[in-house]
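Here is how the chains run, residue by residue.
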Amino acid sequence: MMNVIVFDGVTVDDRLTDIYFEVAGGQCLAVLGESSSAIAEIESVLLRRTEISAGEIVFDGAALSSVHGRDLKRVLSAVEVLKSFASLAEARQQLERVNASDSKLVVMHEPLRSLGAIEAAEAYVLLRQAVTSSNKAWLLLTSNAMLVHQVADRAQVLYLDRVVESGTAAQVIAHAQHPYTQALISAVPQLDPFAQAERTWVKLNPASGRPEGGCAMVGRCPFKHRDCAEFVPELIRDEDGHEVACIYPQERKVIVTAVRRPHAVRPMPRSSLLSAAHKPDYHGPVTGRDFVSD
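Thresholds, definitions, all that
Residues numbered from 1 in each chain as written. Predicted model: local features only at pLDDT ≥ 70, side-chain atom pairs only at ≥ 80, totals over all residues. Heavy atoms only, no water. Axes fitted to C-alpha atoms, helices over the stretch in contact; angles between N-to-C directions. Helix = DSSP H or I, 4+ residues; strand = E, 2+ residues; numbered from the N terminus. Parallel < 35°, antiparallel > 145°, perpendicular 65-115°, else oblique. Contact = heavy atoms within 4.5 Å. Nonpolar A, V, L, I, M, F, W, Y, C, P; charged D, E, K, R; others polar. Patch = residues over 30% accessible without salt bridge, like charges linked within 9 Å, V, L, I, M, F, W, Y side chains within 5 Å. Areas by Shrake-Rupley, 256 points an atom, 1.4 Å probe, with all protein chains shown as cover. Salt bridge = Lys/Arg side-chain N within 4 Å of Asp/Glu carboxyl O. pLDDT = per-residue confidence, 0-100. Buried < 20%, exposed > 50% of the residue type's maximum accessible area, 1.4 Å probe, protein only. Pairing = 2+ DSSP bridges. Polar contact = N/O pair within 3.5 Å; in protein donor to acceptor, adjacent residues only side chain to side chain. Phe/Tyr/Trp six-rings, centres within 6.5 Å; stacked < 30°, edge-to-face > 60°. Lys NZ or Arg CZ within 6 Å of the ring centre and 35° of its normal. 1 Å grid on protein atoms, 1.4 Å probe; cavity = no way out; pocket = protein on both sides within 12 Å on 5 of 7 lines; lining within 4 Å. Points joined across faces, edges and corners; volume = space filled by probe spheres on them.

A word on the packing of helix 3 (residues 88–100) against helix 4 (residues 117–132). The contact between helix 3 and helix 4 brings their axes to 10 Å, and the two run at 5°. The orientation of helix 3 relative to helix 4 falls into the category roughly parallel. Note on element contacts: helix 4 touches helix 3 through Glu119, Glu122, Ala123, Leu126, Leu127 and Ala130, opposite Leu88, Arg92, Leu95 and Asn99. The class makeup of the residues in the contact of helix 3 with helix 4 is six nonpolar, one polar and three charged.

The following block contains the structure:
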């Protein structure tokens, strides 16, 4: 299947460094990072709001650096940008509209930021259905690790200006090895309180500026070693294609996947007090047993 969008060594001063990825039709790539980080630059350079200093962006077979004026506007008209949905109903409406359009690439920037936890859990299903039912390429820019796990096919994690972990969404989220990825996952509440209690929490130290040498996370990482201040880690790929830029990578149990099924699909237990006649319209969770593992 043809790649719709390719970032080939894209660099923007000290905001993006040597970014590589490609997305084919019918696939979703997630770029995961803090909202104020380089993920915002990905959208900006794609839409030519920011000029790149090295590398190339290829969209639908055309190198964007060689397209200008009306031709550029025509090429970019095939890019659809979705921002935060105000409600679940709006998410459904926007996704139906996008899938019916002629767009070739859909860029989603923090689409669920404005939704509550229960609405977001149902929106995961809508987003995944939209991706799998179309031949468009989907680029998800977010700080929500659970959204990446539920919707994306592949994922990259950016810390400051560089990729620190990359692979399939399952590799990057369910088997995260980089401390920064693990910290992003830890920041997302689990819907299942039992799963929440079973997690290993990874919390970064406060940021104190970019170090002059060694790993960029040396001042924030709770697992740093002496070597981390001396050597810059490179992306190392294992035999399964999982890439991690860490001198001492280690998988930790920071996620226990649990997805809440709506009670329209899984009715409330008859024994539940909240299912009694005096509260017939209640559709929220009662205990941790109202959640099921994915």
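Attention now moves to a nonpolar patch on the surface. A surface patch of nonpolar side chains, amounting to about 270 Å² of accessible area, comprises Phe231, Ile247 and Tyr248. Assignment of secondary structure puts tyrosine 248 in the loop between strand 12 (243–244) and strand 13 (258–259).

This part is about the confidence of the model for the chain. Per-residue confidence for the chain gives a mean pLDDT of 83, with 82% of residues at or over 70. A low-confidence stretch, residues 258–294 (pLDDT under 50), is modelled with 52 contacts involving residues beyond four sequence positions or located in other chains.

Our focus in this paragraph is the environment of glutamate 243. Residue position: glutamate 243 is located in strand 12. Among the residues examined, glutamate 243 registers a relative accessible area of 17% and is labelled buried. Considered as a pair, glutamate 243 and glycine 167 are 76 residues apart in the sequence and their alpha carbons are 6.2 Å apart.

Bringing the sheet that holds strand 8 (residues 137–142) into the picture now. If you walk across this open sheet you meet the eight strands as 6-7-8-3-9-10-12-11, and the pairing is mixed. Both outer strands of the open sheet, strand 6 (79–82) and strand 11 (236–237), are each paired with one neighbouring strand and no more. Note: strand 6 against strand 7 (residues 105–109), four bridges, orientation parallel. Along strand 7, the bridge assignment pairs glutamate 80 with valine 106. Strand contacts of helix 7 (residues 179–186): strand 3 (28–32), strand 9 (154–159) and strand 10 (162–168), with the helix running at about 105° to strand 9, the strand carrying the most contacts.

Engagement of the side chain of glutamate 243 in a polar contact is seen with the side chain of arginine 237, the distance being 3.2 Å. Sequence-distant contacts of glutamate 243, defined by excluding residues within four places in its chain, comprise Val164, Glu165, Ser166, Leu235, Ile236 and Arg237.

In the structure shown here, the tally under the stated rule is two aromatic pairs. Here phenylalanine 7 and phenylalanine 21 contribute two aromatic rings whose centre-to-centre distance is 4.4 Å and whose plane-to-plane angle is 15°, an arrangement assigned as stacked. Linking phenylalanine 7 in strand 1 (residues 3–12) with phenylalanine 21 in strand 2 (residues 16–24), this pair joins segments that are 14 residues apart in sequence. Residue class for phenylalanine 7 comes out buried when judged on its relative accessible area of 1%. The residue whose ring lies beneath arginine 252 is phenylalanine 223, and the NZ or CZ to ring-centre distance is 3.5 Å.

Now for the environment of histidine 175. Mapped onto the fold, histidine 175 is located in the loop between helix 6 (169–174) and helix 7. What histidine 175 contacts, discounting residues up to four positions off in sequence, is Glu165, Ala170, His242 and Glu251. Here the side chain of histidine 175 touches glutamate 251 through a polar contact of 2.9 Å, side chain to side chain.

As for its position among the elements, serine 103 is in the loop between helix 3 and strand 7. A residue is classified by how much of its surface remains accessible, and serine 103, at 8% relative accessible area, is buried. A polar contact is formed between the side chain of serine 103 and the side chain of serine 101, at a distance of 2.9 Å. Ignoring any residue separated from it by four or fewer positions in sequence, one finds serine 103 in contact with Ala78, Glu80, Val98 and Lys136.

Take the layout of surface pockets next. Of the pockets and cavities examined, the largest pocket occupies roughly 750 Å³. Looking at which element gives the most residues to the lining of the largest pocket, the answer is strand 2, with seven residues. Grouping the amino acids of the lining of the largest pocket by side-chain chemistry returns 18 nonpolar, 10 polar and 10 charged.

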